[in-house]
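# A closer look at the structure
Take a look at the letters that make up each chain.
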Amino acid sequence: MTGARGPRAALRASGRGEGPSASAPRTTLREAFPVTGPGAAGQDEGPSAPAPRTTPRTALRLPGPGPRARRLALGLVAAALLAGCSAGPTEAAPDGRGTPETSAATAAATPDPSRAPTGRTPDGTLLVADFGSDTVTFVDPGRDGSGKGGAPIASVKVGTAPYGLVVGEDGRAWVATAEGVAVVDTRERTRLALVPYETESGPVTTGEYRGGGMGIALAPDGKHVYVGVNVPGGDGAVEVIDTATREVTGTAPVGMRPFDVDVSPDGREVYATDHDSFDVTAVDAGSLETRRMEVAPYGTEGGLGSWLKPHYAVVRPEDGKLLLPFEGERLAVLDPRTGEVTIEPMTANTHQHGAALAPDGTLLVVGTGPIGSDDEDPSLTVRSPEGDERVVPLDGPHEDVAVSKDGRTAYVTGGFTRDGYWNGITVVDLDDEESEPVRLKAGNRPLGIAIL
């Protein structure tokens, strides 16, 4: 899901190719909101944990002017060859040599049956989608949810290469796999059903570019589940599942590779973040009529070879606008009523994927690590509703994030979709800026995450 490491495309420095919906000129955005700080030196992220960092763990970063040098890139042809965040037939192995890494560093974190609770799963347990296997794993988050003393406690088979998941108030989890949407009773830790897709997405496979379910969301009233189905090489679909009958009741066409799916606060619209077509598709939940809105703060030049694409989004409850982070530099704010996109500055300067909102409106964004030689390392951005940011360094690439109900703890999955992933969760105390993140072994390449 992220591109091969290397300098970013020249269009990024020049500001060419902005989509028509952006509200500020791209040629002046970088000058108006430069970011300071040293760049990463193109580190080679391996599957094992990197050496301890020598930089401070956190830094408060406020938008504002300051000097910053940006190296020019190789150009669009090279970007396409690198296929960063692009569609493609295969997936890089964790060690980058074309074969799966089998060292202890990447071995799946096996649940300890002796730790599994008898009876119902306790509230606060973490549930992760094991993209590297056919399971979801239940994880004890440790003392007070801090990660300390935590461990995986059980796994349930759901289907090939599970990606996103969502949990309803009734305790059922809906898991997007390559085969269909699995329904899991999280209280009893059993699979109840597998709902096959109506959309033809090719053979059931594994890896970054596999067909089948990706983003998934639940309607506010719990009556429907919406899953984005990837069709390799073509446009995808959002399928609607009736949660009572566990059947697909409708299908709407969306863009290419629907990484993420979200629902408006009133439940009237569903939003698919279409990674490879640089847009968001709004789906009317009643009629299933659609409209596409371009979200491309860096433009669309480079096409499938570009890594400057939308990945994950969150919906802001107070106004229904979508927040889409890009590259630790720009936050695209999409008004789905008008299609207008405004840009706000960000400060992490790293390729970004997963996002979540805390109860108080704090935005959490996962930085997966560098794609250019002047990019910074993996991180978690903690952004206040006013736009102030704290950047928490992470050891190694991560993918998605969930936040505790009290807003005090973030859980970041280590199951990155390309090389460098690790089998665990990083736990970040959002209240104590001096505390060190805790690494908790969990699952097999965990991507999607939910808190029970």
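The rules behind the values
- Residues numbered from 1 in each chain as written.
- Predicted model: local features only at pLDDT ≥ 70, side-chain atom pairs only at ≥ 80, totals over all residues.
- Heavy atoms only, no water.
- Salt bridge = Lys/Arg side-chain N within 4 Å of Asp/Glu carboxyl O.
- Helix = DSSP H or I, 4+ residues; strand = E, 2+ residues; numbered from the N terminus.
- Buried < 20%, exposed > 50% of the residue type's maximum accessible area, 1.4 Å probe, protein only.
- Pairing = 2+ DSSP bridges.
- Axes fitted to C-alpha atoms, helices over the stretch in contact; angles between N-to-C directions.
- Phe/Tyr/Trp six-rings, centres within 6.5 Å; stacked < 30°, edge-to-face > 60°.
- Contact = heavy atoms within 4.5 Å.
- Polar contact = N/O pair within 3.5 Å; in protein donor to acceptor, adjacent residues only side chain to side chain.
- Core = buried A, V, L, I, M, F, W, Y, C linked by side-chain atoms within 4.5 Å.
- pLDDT = per-residue confidence, 0-100.

With that settled, the discussion passes to the pattern of salt bridges. All told, the structure shown has 14 salt bridges when counted by the stated rule. We note a salt bridge from Asp 170 to Arg 172, for which the minimum N-O separation is 2.7 Å. Residues Glu 344 and Arg 383 are paired through a salt bridge, measuring 2.9 Å at the closest nitrogen-oxygen approach. With a gap of 39 residues between them, Glu 344 in strand β20 (residues 340–345) and Arg 383 in strand β23 (residues 379–383) connect regions that are remote in the sequence. Since its relative accessible area comes to 5%, Arg 383 is described here as buried. Within the structure, one salt-bridge network assembled from shared partners comprises Arg 257, Asp 276 and Lys 309.

With that out of the way, let us pick up the sheet that holds strand β13 (residues 258–263). Strand order in the open sheet made by the four strands is β13-β14-β15-β16, with antiparallel pairing throughout. For this open sheet the edge positions go to β13 and β16 (290–294), each flanked by a neighbour on one side alone. Adjacent strand axes in the sheet meet at a mean angle of 20°, parallel and antiparallel pairs treated alike. Where strand β14 (residues 269–274) and strand β15 (residues 279–284) come together, six bridges link them in antiparallel fashion. Each residue of the ladder has a partner; that of Val 270, found in β15, is Val 283.

Here the structure, examined in full by the defined rule, presents four aromatic pairs. Taking the centre distance of 6.4 Å and the plane angle of 75° together, the rings of Tyr 163 and Phe 259 count as edge-to-face. One end of the pair, Tyr 163, is in the loop between β4 (151–157) and β5 (165–167); the other, Phe 259, is in strand β13, with 96 residues separating them in the sequence. Put simply, the rings of Phe 131, Tyr 163, Phe 259 and Tyr 312 pair up and form one aromatic cluster.

Relative to strand β12 (residues 247–253), strand β11 (residues 237–242) is paired through six bridges, and the arrangement is antiparallel. Paired with Asp 242 across the bridge in β12 is Glu 247. Where β11 folds back onto β12 in an antiparallel hairpin, the turn is made up of four residues, including Arg 246, whose phi is positive at roughly 60°.

Now for the environment of Val 382. Structurally, the position occupied by Val 382 is in strand β23. Of the residues examined, Val 382 reaches a relative accessible area of 12% and is grouped as buried. In sequence terms Val 382 and Leu 357 are 25 residues apart; their C-alpha atoms lie 9.8 Å from each other. With residues near it in sequence (within four places) discarded, Val 382 still touches Thr 362, Leu 363, Leu 364, Asp 388, Glu 389, Arg 390, Val 392 and Leu 430.

Here we come to the side chain of Thr 350. Among the secondary structure elements, Thr 350 is positioned in the loop between β20 and β21 (351–357). At a separation of 3.2 Å, a polar atom in the side chain of Thr 350 contacts the main-chain carbonyl oxygen of Glu 376.

Core analysis: the biggest nonpolar cluster contains 18 residues, and Val 280, Val 295, Leu 322, Leu 324, Ala 332 and Leu 334 have the highest contact counts within it. Looking at this core, the elements with two or more residues in it are β15, β18 (322–326), β19 (330–335) and β20. At three residues, β18 tops the list of elements feeding residues into this core. Those residues within four positions of Leu 324 in sequence are excluded, and the remaining contacts are Thr 273, Val 280, Val 295, Pro 310, Tyr 312, Ala 313, Arg 330, Leu 331, Ala 332 and Leu 334.

For the protein chain, mean pLDDT is 82; residues scoring 70 or higher make up 77% of the total. Taken together, the stretch residues 1–84 has pLDDT below 50 and engages in 226 contacts with residues farther than four places along the chain or on a different chain. In this model, residues 86–105 is a region of pLDDT below 50 whose contacts with residues beyond four sequence positions or in other chains number 36 contacts.

Moving on, we come to the pairing of strand β3 (residues 135–140). Burial analysis of β3 places five of its six residues in the buried class, the great majority of the element. Judged from the five bridges that link them, strand β2 (residues 126–130) and β3 form a sheet pairing that is antiparallel. In the strand pairing of β3, Ala 129 is matched with Val 136. Here β2 folds back onto β3 in antiparallel fashion, the turn holding four residues. In this sheet, β4 lies alongside β3 in antiparallel orientation, the contact comprising six bridges. When the sheet's bridge partners are listed, Val 139 is paired in β4 with Pro 152.

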